Amino acid sequence: MHTWVSRWEKFWFRGSMEAGRLAALRVVVFALFGLDQLALMTAHGWRYGATDFNVPHLDWVGSLLGSTSAEFQTAAYLVTGFLSLCVAAGVAVRMCLVAMLGLYGAAYFGSLLDGYQHHYLLVWVLFISLFVPFHKAPGIQAGLDTPGRLEGVGVRLLYAQISIVYLWAVVAKLDHARRSTPARAGLSSGRVTWRKACTLL
């Protein structure tokens, strides 16, 4: 029993990652996130708060922030994208992550118009990233010669969060009704096209 407890504690609280790998993870994740915000989400900002009508994901968020607007959403996406690129480069990582979590969380929870579940996942990724030693990994501010391995419970939490989400995505797609849809039948017969494949998503 003691052995299993020790392994459990070691997995969560004494896990580590090579500094270079952690830097690569930071660059890939936050560069993509930043480009997504600047190139895609900013272009959709105009849709929010039309005719002053808005329904938030959480009532208390609506009470706290009031009705969202196109100006707020667009600004939130622009600033979040810029801050994300700063994180990718290793500049003011912790401060940028806190600001990103606040802005992106307010933008997502402030309106049901953004109903994409992976955006909810991104809120969790930003929150968990606060516990990942990204700021110590090689970058502009920390320098490029950070040696050894870096410890942090956040790395394991990040892996666990993403694994749970995508494991459930697989389980959800095993449902008989989903597997027997006309879209599935169309995909399994004839020439497979991108349009057919996208109907399953």
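Our structure is the block above this text.
Here the structure is a predicted model, which is why all the values come from computation and not from measurement. (Residues numbered from 1 in each chain as written. Predicted model: local features only at pLDDT ≥ 70, side-chain atom pairs only at ≥ 80, totals over all residues. Heavy atoms only, no water.)

Caption draft 1: Representation of the packing of helix α2 (residues 19-41) against helix α6 (residues 117-129) in the model. It is the contact of α2 with α6, at a shortest axis distance of 13 Å, that shows an interaxial angle of 140°. On the basis of the axis angle, α2 is oblique to α6. In this structure, the crossing between α2 and α6 has a hand that is left-handed. Each of Phe30, Phe33 and Met41 in α2 lies in contact with α6, whose residues at this interface are His119, Leu122, Leu126 and Ser129. Broken down by class, the residue content of the contact of α2 with α6 amounts to five nonpolar, two polar and no charged. (Axes fitted to C-alpha atoms, helices over the stretch in contact; angles between N-to-C directions. Helix = DSSP H or I, 4+ residues; strand = E, 2+ residues; numbered from the N terminus. Parallel < 35°, antiparallel > 145°, perpendicular 65-115°, else oblique. Left-handed = near helix turned anticlockwise from the far one by under 90°. Contact = heavy atoms within 4.5 Å. Nonpolar A, V, L, I, M, F, W, Y, C, P; charged D, E, K, R; others polar.)

Caption draft 2: Examining the environment of Leu65 more closely. Structurally, Leu65 can be placed in helix α3 (residues 59-65). Given the relative accessible area of 45%, Leu65 is considered partly exposed. The spatial distance from the C-alpha of Leu65 to the C-alpha of Ala107 is 10.0 Å, given a sequence separation of 42 residues. (Buried < 20%, exposed > 50% of the residue type's maximum accessible area, 1.4 Å probe, protein only.)

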